[in-house]
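# Chain and residue survey
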Amino acid sequence: MIGFITAVVVILYVASLRIQLQEVRANQDHYEKEIKSLSSIQNTDALKINKEFLEHFFTYQTIAERYQNIQPLMTDQGYKATYPSGTELPSSDQSVKSSIAGLKSFEYQDSQTEAEFFNEFKLSTEFNDVTNTETVIVKTNLIYVKKQGWKINNVEFIGQLTGRE
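Quantities reported herein were computed from a predicted structural model and do not represent experimental measurements. (Residues numbered from 1 in each chain as written. Predicted model: local features only at pLDDT ≥ 70, side-chain atom pairs only at ≥ 80, totals over all residues. Heavy atoms only, no water.)

### Structural notes on helix H2 (residues 63-70)
Formally: Three exposure classes are used, based on accessible area relative to the maximum for each residue type with a 1.4 Å probe and protein chains only: buried under 20%, partly exposed in between, and exposed over 50%. A run of DSSP states H or I qualifies as a helix once it reaches four residues; a run of E qualifies as a strand once it reaches two. Both are numbered from the N-terminal end. As used here, the arc is the angular range of directions from the helix axis to the C-beta atoms.
Among all positions of H2, only Ile63, Arg66, Tyr67 and Ile70 are buried. Burial along H2 is one-sided: seen end-on, the buried residues are contained in an arc of 85 degrees. Among the exposed residues of H2, those oriented more than 90 degrees off its buried face are Ala64 and Gln68.

### A closer look at the pairing of strand E1 (residues 96-111)
A regular strand carries its side chains on alternate faces of the sheet. Worth spelling out the cut-off: We treat two strands as partners when DSSP finds at least two bridges between them.
The pairing of E1 with strand E2 (residues 114-127) spans 13 bridges and is antiparallel. The residue bridging Lys104 from the neighbouring strand is Glu120, located in E2. Linking E1 to E2, which pair antiparallel, is a turn of two residues.

### Section: the packing of aromatic side chains
Selection rule: The rule is short: rings of Phe, Tyr and Trp, with Trp giving its six-membered ring, pair when the centres are within 6.5 Å, and they are stacked under 30 degrees, edge-to-face over 60, tilted in between.
Here the structure, examined in full by the defined rule, presents six aromatic pairs. The interplanar angle of 90 degrees and the centroid separation of 4.9 Å between the aromatic rings of Phe57 and Phe58 together place this pair among those described as edge-to-face. Phe58 sits in the buried class, given a relative accessible area of 7%. Centroid distance Tyr144 to Trp150: 5.5 Å. Interplanar angle 75 degrees. Geometry classified as edge-to-face. A relative accessible area of 33% means that Tyr144 is categorised as partly exposed.

Rendered as structure tokens:
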């Protein structure tokens, strides 16, 4: 009789462990799907901010408009990295028009809170009624700032292929 009771207890215990294991596996699948979902949302958001920054930085009518439009997308460090001299904003009143086309962005994500993009695009700049078009490569570094989202933290001009169109 004691053997029978022990066998029933062991069977019930094993059944209980199997049920708990099934629940753990179901939770694990759920959490893995949630993590993938969050990762893709952040990647999409980083790409969106990267594109928005490039469009504002390279498509403008005046220098003042350019800097006014990019500031909300950037950290203080990133904003200062866009200054031509590296120390202060340009104060030119000259009219320079610029626009981009054919943007291709290549992403390298360091972590959930850091991403880098290599961006290639055609940049057309008009100064004194002369237009110059060149293919430009720019590297952007983004960080995820709590309660603010993705922000441009650094901008680096990599190179250009010059040609008139």
